[in-house]
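Overview (structure and organization)
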Amino acid sequence: TAASGGSEVQRVMYQHAARWAKRLQIDFKDKFSGGPLLAGLHHVVKKVVAFQLDGIDGQILELKSKVQRRIVEKKEALDALTEEVEKLRDLTEWQHMLAKLAQVVSEYLDTTIAIPDEKEDAEIAKSLQTTQDEVEETIRLYESAVRDQPNEEKG
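Described below are features of the structure shown in this document. (Residues numbered from 1 in each chain as written. Predicted model: local features only at pLDDT ≥ 70, side-chain atom pairs only at ≥ 80, totals over all residues. Heavy atoms only, no water.)

**Structural notes on the pattern of salt bridges**
Let me state the cut-off plainly: Here a salt bridge means any side-chain nitrogen of Lys or Arg lying within 4 Å of a carboxyl oxygen belonging to Asp or Glu. A run of DSSP states H or I qualifies as a helix once it reaches four residues; a run of E qualifies as a strand once it reaches two. Both are numbered from the N-terminal end. Using a 1.4 Å probe on the protein chains alone, a residue whose accessible area is under 20% of its type maximum counts as buried, one over 50% counts as exposed, and one in between counts as partly exposed.
With the rule as written, the count across this model stands at 4 salt bridges. Close ionic contact of E8 with R11 constitutes a salt bridge, the shortest N to O distance being 2.4 Å. Pair noted here: E8 and R11 are both in helix 1 (residues 2–27), with a separation of 3 residues, about one helical turn. Note on E8: relative accessible area 38%, which makes it partly exposed. On the basis of relative accessibility, which here comes to 39%, the residue R11 falls in the partly exposed class. The closest approach of N and O atoms between E62 and K66, which form a salt bridge, is 3.5 Å. Of the two residues, E62 and K66 both sit in helix 3 (residues 56–89), 4 residues apart, roughly one turn of that helix. E62 sits in the partly exposed class, given a relative accessible area of 44%. Residue classification places K66 among the partly exposed residues on the basis of a relative accessible area of 39%.

Written out as structure tokens, the structure is:
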């Protein structure tokens, strides 16, 4: 099987490394002192992994606290957004917002579109009235229509 083949390869590699270590110890015994000579990368990798795992518990605790702080921040943001959604569902809030938008747009248009003199072209001047002029004209037209309307109560 593949699993037993992999362990067989590993066993052969360890034997090979041990043979080289033994040969190096024999050939260069005057160069090395101390413990046995270890050939291959296995021992180096083992030390690197041990170094990487040193203090990992503290790192895990630090990461946990960071995650918990982020969860609290996100919950607070969610609460704030929930309040905003409730405001958006409120029709009076929409009406206030649309009225403010209309006011801002009308003020912008009133200040950016030049109104020609009525003497030059009365039709253009009439079509380019300011918002206030349009309101006043609408009121005049409405009052005129109400005055001209026959009074049904008299009939």
